[in-house]
Structure formats: structure tokens, C-alpha cells
Amino acid sequence: MTSAAVPEHPWLLPGALSVDPTARAGRLPRRTTRDWVVDCLCFVLSLGWVLLATADAASPDPEFAAPLPQRWMVPVDAVLGLVCCALIWARRRWPLGLAVATLPLTVFSMAAGVPLLIFYFTAVVHRRTAVALGVTAAGLVTNFAFSYLRPDPQMPYWATTLWGVVISLCVLAWGMFVRARRQLVVSLRERAERAEAEQQLRVAQARHLERTRIAREMHDVLAHRISLLSLHAGALEFRPDAPPEEVARAAGVIRGSAHAALQDLREVIGVLRAETVTAEDPERPQPTLGDLPALVEESRAAGVRVGVRDVVAAGEQVPAAVGRSVYRIVQEGLTNARKHALGAAVTVDVAGAPGDGLTVEVRNRWPVGGVADPAIPGAGTGLVGIAERVSLAGGRLEYGRDDSGDFRLAAWLPWPA
């Protein structure tokens, strides 16, 4: 149960509107404090009416209705009224059954009049309109019979019958109003619960998407750093006789790359373990198109031959999201070249202008003898992530061997004017 659906004072609500789990399961809900109070009042009122009607019927000159044909019928009517008073406590469990079973009593019993009205009201509240109208029609028929068998000493037959019809219709209207109000409250509660559940679902989806985005970013970053680390370590392995200055420089690059990779890994694990991401956890600065030269220099420092052709007009106006996508595409292309085409030259072409879009292409020669198993294992999801990124940005992505035999990774991204 959500907090928004819990009322402030549940004991003031009827059992039909209770948040009791048994009511939600379709079983009869437990009586609330309000239900006990109402049932007690109904019982006391019914009992008082039974005593009053019995005393009037036993008097020599009754005021409520014509006297019964036989004196022994007065205590019988009183007993029937007391039985109906006792059934007040069961009316919530069998509202329609009690209303139908006690319907014959409305033909002659004056002592059971108030309990019978309560049974009728309960059936109207707890059963659909068609059933309530059927019970009302049957009650009107018995009303005609009661006014004929026990006419009021002070009013004519038609007046007594009319009063019975008015009372029945008033009880019907009241019961239908109570039923409609309860249905409205239930529908509003269900709508509030559904809205809260949808809100929680949207929050969970947003959190999942954010974690997926962070994981995708970290995949690109870690793959780039670890490929650089592997490249420098391989150089040390194949050049053990390198000058001490080069060894020290390569060891420094390895140490820096390993430290940065561990830091990135620690951050992404912390984010993925956290239940929520708050404003107190600042997001790392995201790369833009202006960081592309530094990315290329890292690869050149690792011994990769990279040629760059940048003909972007008004590069400072490139949107941050587009520049970040270009950076990740080039990063993935350089990482794949280091993994699968070690020693091959790589060319990076970036071109575009506002309104025309931005194109980026990373091309490397296909290694002689085909692609061997990479020394650096990969998950094979780098290009999949890049394709998803480009698709979300509204662009196009192509990758694979072209007609010249080179491996080509190319994308077009929209750049509004």
C-alpha cells in the first residue's frame, strides 16, 4: 500500500472504503469503528421501534395501523421484529439475501418496519442499480398489500399508500447516492495509486536509462585507456633494451592510464550501486569536440600513426551533445584500430557546418593477413553503443570494409542552423 492511498483517519471510513487487504482480495472487509457505531445506532433504533410498535398494537386504540385480527399475533409480530433487530448485525454480509428473505414481512408486520427499511437501504447501497430497482418494485407491491391489510386509522388508503411509495423512493435515492459517492471515492483512490505507481515506474526507468548511459560512457573511456595501457606495455615487452628515458616515460604513461582507469571504474561502480543519483554527486565533465586533439595526441604518444583532417566551420558553435558524440565515435574508432589493426595508419576526417550536419569518419588499413585475435579482449558492444548513440541523436552510422578494403567507421549527425 502506498502512502498516498492511506487515509488520515481510516476509522471514520466505512468498511467498503477501507484499505484493509482483505477488502482488496475480494473478501468481506472488517468493520471499522464507524461501522460499529452505525450498526449500534441501527440496532438501538430498530429495537426502540419494535417496543413502540408492539406497545401501540397491544393498546385498545392503536395509532400506527389497524389492529391485528388475533391478539396472539401481537407477540408474534414483536418476536419477528426482534429477530430482524438481531439480523441487523448480519446485514453487511448478506445485504440482498436479508432484503429478499424478509420481504414477505412487509405485507403485515409493523414491528419490523424500521429493520426492514434498513435491510432495503443496505441492499441498495451494496448492490447494482438493476438489483436495487427490482427490490424496490417488489417493496412497492407489498406496500399496496400492507396498506390494504392494516390501514392507518387516521388516513385513507391512497394517502397511506402514497406515503409508503415516497418513503421507499427516498430510501432508494439516498442509497443510490451513497453508493455513487463510494464508487467515486474508490475510483479516485485507484487513480491516485495508479498515478503514483506510474510515477515510480518513470523514476525507475529514468534511473535505469541514466545508469545505462553512464555504463556506456565508461565502456568507451575504459576501453580507450586500457588499449593505450596495453600498447605501452607491449612496447616495453618487445623493447627491453630501450633507453631508460623511454622506459620511464612508457612506465609513467602506464601508471597514469591505470590510475585513471581505476578512478573511472570506481566512479561507475559507485553510481551503479547507489539507489539514487542526487545533485550532491557531481557528474564528471563530458568531452566535447574541442577535446578531440588531446584524444588524438594520446594515441600518437602510444605509437599509433593518426592523421586528422578537420574542416568544421564554426567549430565553437557545435552543440555539446553533437560534439560529445563525435568524440566518442573517434575514440571508439581509435580503440578498435589499436585492438584489431595494430601498426596500421589511421585517418580521422571531421567536416560540417551549421544546417548541413556534421560528418565524422575514422578509417584504417586492413591488416595484412587479416584480423588476428586481439591481445585486448572486448565485449563486442562498442559499435553497438555507438550505433545507439547516433540513432538517438537522429543521425546515421556506417561501419565495415569499403571497396578499397579499408575498415571505415563513418557517421552523420544533425547540426541545426
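Located above this text is the structure these notes cover.
Given the structure is predicted, the values throughout are model-derived calculations rather than measurements.

Caption draft 1: Inspection of the overall build of the chain at higher detail. Helix and strand content of the chain: 11 helices and 5 strands. The buried share of the chain, taken over its 417 residues, is 37%. The contacts of the chain with a sequence gap of at least 6 include a subset with a gap of at least 24, amounting to 70%. Of the roughly 23,600 Å² of accessible surface on the chain, a fraction of 64% belongs to carbon and sulfur atoms.

Caption draft 2: Fine view of the side chain of Arg91. Within the fold, Arg91 resides in the loop between α3 (73-87) and α4 (95-101). The exposure class of Arg91 is buried, given its relative accessible area of 6%. Of note is the side chain of Arg91, whose polar atom sits 2.7 Å from the side chain of Thr122. Discounting chain neighbours no more than four positions away, the residues touching Arg91 are Val38, Asp39, Cys42, Leu98, Ile118, Phe119 and Thr122.

Caption draft 3: Examining the pattern of salt bridges more closely. Scanning the model with the defined rule gives 14 salt bridges in all. Where Arg31 meets Asp39, a salt bridge forms, and the shortest distance between an N and an O atom there is 2.7 Å. By sharing partners, the salt bridges in this structure join Glu361, Arg363, Arg365, Glu398, Asp402, Asp406 and Arg408 into a single network.

Caption draft 4: Region of interest: the pairing of strand β1 (residues 306-312). As judged from the 7 bridges shared by β1 and strand β2 (residues 346-353), these two strands associate in the parallel manner. Bridging from a neighbouring strand, Gly307 pairs with Thr347 of β2.

Caption draft 5: View of helix α2 (residues 33-58). Along its 26 residues, α2 runs 38 Å from first to last C-alpha, staying within 8% of the 38 Å computed at 1.5 Å per residue. Buried residues along α2 sit against α3 and α5 (113-126).

Caption draft 6: Structural view of the environment of Arg363. Among the structural elements, Arg363 can be located in strand β3 (residues 357-364). Sequence separation of Arg363 and Phe407 is 44 residues, and the distance between their C-alpha atoms is 5.7 Å. Leaving out residues up to four positions away in the same chain, Arg363 has contacts with Ala345, Val346, Thr347, Asp402, Ser404, Asp406, Phe407 and Arg408.

Caption draft 7: Focus on the nonpolar core. In terms of nonpolar packing, the biggest core is built from 31 residues, with Val326, Ile329, Val330, Val348, Val350 and Leu358 touching the most fellow members. For this core, the secondary structure elements donating two or more residues are α7 (157-238), α9 (292-301), β1, α10 (320-340), β2, β3, α11 (382-392) and β5 (407-413). The element contributing the most residues to this core is α10, with 7 residues. Counting 11 residues, the second-largest nonpolar core is a separate cluster that includes Cys42, Leu98, Val114 and Phe119.

The rules behind these values
- Residues numbered from 1 in each chain as written.
- Predicted model: local features only at pLDDT ≥ 70, side-chain atom pairs only at ≥ 80, totals over all residues.
- Heavy atoms only, no water.
- Helix = DSSP H or I, 4+ residues; strand = E, 2+ residues; numbered from the N terminus.
- Buried < 20%, exposed > 50% of the residue type's maximum accessible area, 1.4 Å probe, protein only.
- Contact = heavy atoms within 4.5 Å.
- Areas by Shrake-Rupley, 256 points an atom, 1.4 Å probe, with all protein chains shown as cover.
- Polar contact = N/O pair within 3.5 Å; in protein donor to acceptor, adjacent residues only side chain to side chain.
- Salt bridge = Lys/Arg side-chain N within 4 Å of Asp/Glu carboxyl O.
- Pairing = 2+ DSSP bridges.
- Expected span 1.5 Å × (residues − 1).
- Core = buried A, V, L, I, M, F, W, Y, C linked by side-chain atoms within 4.5 Å.

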